[in-house]
Amino acid sequence: MQGLTASTFGPDQNLTREEMALLLARALRLTGSAALSFSDAGQIAPWAQGAVAAAVAAGFLSGLPGGTFQPLAAATRARRRPRCSPGAGACGAVTALRSDPTGCRANG
């Protein structure tokens, strides 16, 4: 976990969608990649592009209505809840991150 700068952490700030992607990618050691075809892909910060691509490839994040990603939008509570991605084999890692491990079930 890193702060906003070398001396600022920002605990009272909203978590953005691109920051959430970075946290997921680092915590779960995601390495996959997906083409970012969102209409606002150019607005994703360079430091977050790989993490967004990995989180999308693993099925943890997806676009929003209208084909956007909205990287600077606040990650709402519903969007912050990690989803299990059986295809990526990450269910166990997500379960470890959640307070209620019974909510992560592989489908199929």
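Everything quoted here is computed from the prediction, not taken from an experiment. (Residues numbered from 1 in each chain as written. Predicted model: local features only at pLDDT ≥ 70, side-chain atom pairs only at ≥ 80, totals over all residues. Heavy atoms only, no water.)

Comments concerning the overall build of the protein
When helices and strands are counted, the protein shows four helices and zero strands. Secondary structure of the protein in N-to-C order comes out as α-α-α-α. As displayed, the protein offers around 6700 Å² of accessible surface, 51% of which is attributable to carbon and sulfur atoms. (Helix = DSSP H or I, 4+ residues; strand = E, 2+ residues; numbered from the N terminus. Areas by Shrake-Rupley, 256 points an atom, 1.4 Å probe, with all protein chains shown as cover.)

A closer look at the packing of aromatic side chains
Tallied over the full model, the rule gives one aromatic pair. Centroid distance phenylalanine 38 to phenylalanine 69: 5.2 Å. Interplanar angle 35 degrees. Geometry classified as tilted. One end of the pair, phenylalanine 38, is in the loop between helix H1 (17–28) and helix H2 (46–57); the other, phenylalanine 69, is in the loop between H2 and helix H3 (77–80), with 31 residues separating them in the sequence. Here the basic side chain of arginine 17 rests over the ring of phenylalanine 69, its NZ or CZ set 4.3 Å away from the ring centre. (Phe/Tyr/Trp six-rings, centres within 6.5 Å; stacked < 30°, edge-to-face > 60°. Lys NZ or Arg CZ within 6 Å of the ring centre and 35° of its normal.)

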